[in-house]
Amino acid sequence: MSITNNNITVQNLTVSYQGQKALLDISLQLAAGKITGIIGPNGAGKSTFLKGLLGLIKADSRTVLLGEAPIDTQKKRIAYVEQRSALDLSFPINVLEVVLLGTYPKLGVFHRPKKQEKEKALSALKTVQLEAFAKRQIGELSGGQLQRVFIARVLAQEADIIVLDEPFVGIDMTSEKVIMDILKQLKNAGKTIVIVHHDLHKVAHYFDDVVILKKELIAFGPVATTFTNKNIQLAYGETMGDIIIKGVADA
Ligand code: ADP
Ligand code: MG
């Protein structure tokens, strides 16, 4: 499959909550073979953008294509890890079972995981360096271990599109590095990686393209030309730019 089939084209995405616009007419293309970062202040609509493009919430207007066809007809090709506060960690399920969930879209509803799926899940756990934790309850993991388990689930799904909402909040540096290394490999294999991210200091290291949101699209493009003082200040206010982007060429 050509990797242009992994490009996501978003046209005129507008979302409201109770009549209040949270996202206004966003149009852009998320490119295959790249890691795109979504940044913007709290409440800017970053999570709403992900849910809107994935079709998980109602939009006022929305056209989203994956390759040439509507994304809504290709949901099995997408892996999504939502922002962590949204999850119930007291649910009694162990690490291996969480990773096995990744194989379900391919299995279909009436099939139970067999040897092949278990091997896939264990191999994914090995990739995130958690093979020793297979039987551990997810409630007993650190934040970093838990996020690595979700990445293992993404790997087991063998998705083409990987969408992560603030995956690095509250996790240790080792886990962050393990995850970033995996994402870079996936990107080099032509996958499309989209990450909502909080820490502006990492933007230049982690991302190829950046989307700067504040209800509207402030800027979008390659990090080198888009992650500029001017654009950061447009999104975050005048005090933010200078400290943050030291080391990034300002056009
Ligand atoms: P971000 O992820 O950038 O912090 P969100 O997409 O979560 O921002 O939220 C964007 C705006 O929409 C915020 O003002 C938030 O309060 C509001 N919002 C988000 N989800 C809901 C919801 N389910 N109902 C009402 N308002 C919401
Ligand atoms: Mg959010």
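Please read these numbers as outputs of a predicted model, since none were measured by experiment.

Q: Sorry, what's going on with the sheet that holds strand E9 (residues 209-214) here?
A: Note on sheets: strands pair through backbone hydrogen bonds, and any given pair is parallel or antiparallel. As summarised here, the arrangement of the 6 strands in space is E6-E7-E8-E3-E9-E10, forming an open sheet in which the pairing is mixed. Strands at the two margins of the open sheet, each flanked by one partner only, are strand E6 (78-81) and strand E10 (216-222). Looking at each pair of strands side by side, their axes are set apart by 15° on average, direction ignored. Alignment of strand E3 (residues 34-39) against E9, held across 4 bridges, turns out to be parallel. Within E9, the residue paired with Ile39 across the bridge is Ile212. Of the strands in this sheet, E6 and strand E7 (161-165) touch helix H5 (residues 143-157), which is tilted by about 170° from E6.

Q: What is the right way to look at H5 in this model?
A: An α-helical turn contains 3.6 residues, so a residue and the one three or four places further along point in the same direction. Look at H5: 21 Å from first C-alpha to last across 15 residues, which is about the 21 Å you get at 1.5 Å a residue. Burial analysis of H5 places 12 of its 15 residues in the buried class, the great majority of the element. Where H5 terminates, the next one or two residues include Glu158, which has phi positive at roughly 50°.

Q: How should I be thinking about the coordination of the magnesium ion (ligand 2) in this particular structure?
A: Angles at a metal have ideal values that depend on geometry: 109.5 degrees with four tetrahedral donors, 90 or 180 degrees with six octahedral donors. Within the protein, the atoms that donate to the magnesium ion (ligand 2) are Ser47 (OG) and Gln83 (OE1), at distances of 2.1 to 2.4 Å. In this pair, Ser47 sits in helix H1 (residues 46-54) while Gln83 sits in the loop between E6 and helix H2 (95-101), placing the two residues 36 residues apart along the sequence. A residue is classified by how much of its surface remains accessible, and Ser47, at 18% relative accessible area, is buried.

Q: Looking at this model, I keep getting lost on the nonpolar core. Mind explaining?
A: When a protein is soluble and globular, its nonpolar side chains tend to lie buried together. In terms of nonpolar packing, the biggest core is built from 50 residues, with Val99, Leu125, Ile162, Leu183, Val203 and Phe227 touching the most fellow members. Here this core takes 7 residues from H5, the largest share from any one element. Look past the residues within four positions of Ile162 in its chain and what remains in contact with it is Ala79, Val154, Leu183, Leu186, Lys191, Thr192, Ile193 and Val194. Listed in part, the 24 residues of the second largest apolar core include Leu28, Val64, Tyr80 and Val163.

Q: I keep staring at the packing of H5 against helix H6 (residues 173-188) and nothing clicks. Help me out?
A: A packed helix pair is summarised by two numbers, namely the angle formed by the two axes and the spacing between the axes. Closest axis-to-axis distance for the H5/H6 pair is 9 Å, and the angle between their directions is 15°. Judged by the angle between their axes, H5 and H6 are roughly parallel. Pair H5 / H6 crosses with left-handed handedness. Together, Gly144, Gln145, Gln147, Arg148, Ile151 and Leu155 of H5 and Ser175, Val178, Ile179, Ile182 and Leu186 of H6 make up the contact between the two elements.

Q: In this structure, what is going on with the site of ligand 1? I would like to understand it.
A: All residues in the neighbourhood of ligand 1 are listed as Tyr17, Gln18, Ala22, Pro41, Asn42, Gly43, Ala44, Gly45, Lys46, Ser47 and Thr48. In the model, an oxygen atom of ligand 1 is placed 3.0 Å from a nitrogen or oxygen of the Gly45 main chain. Ser47 is positioned with one of its side-chain polar atoms (N or O) 2.9 Å from an oxygen atom of ligand 1. For ligand 1, whose unbound accessible area comes to 560 Å², protein coverage reaches 58%. Take the shell around ligand 1: its biggest share by element is 3 residues, from H1. Residue composition of the shell around ligand 1, grouped by class: 4 nonpolar, 6 polar and 1 charged.

What counts and how
- Residues numbered from 1 in each chain as written.
- Chains lettered and ligands numbered in written order.
- Predicted model: local features only at pLDDT ≥ 70, side-chain atom pairs only at ≥ 80, totals over all residues.
- Heavy atoms only, no water.
- Pairing = 2+ DSSP bridges.
- Helix = DSSP H or I, 4+ residues; strand = E, 2+ residues; numbered from the N terminus.
- Axes fitted to C-alpha atoms, helices over the stretch in contact; angles between N-to-C directions.
- Contact = heavy atoms within 4.5 Å.
- Expected span 1.5 Å × (residues − 1).
- Buried < 20%, exposed > 50% of the residue type's maximum accessible area, 1.4 Å probe, protein only.
- Donors = N, O, S within 2.8 Å, 3.2 Å for Na, K, Ca; no water.
- Core = buried A, V, L, I, M, F, W, Y, C linked by side-chain atoms within 4.5 Å.
- Parallel < 35°, antiparallel > 145°, perpendicular 65-115°, else oblique.
- Left-handed = near helix turned anticlockwise from the far one by under 90°.
- Near = heavy atom within 4 Å.
- Polar contact = N/O pair within 3.5 Å; in protein donor to acceptor, adjacent residues only side chain to side chain.
- Areas by Shrake-Rupley, 256 points an atom, 1.4 Å probe, with all protein chains shown as cover.
- Nonpolar A, V, L, I, M, F, W, Y, C, P; charged D, E, K, R; others polar.

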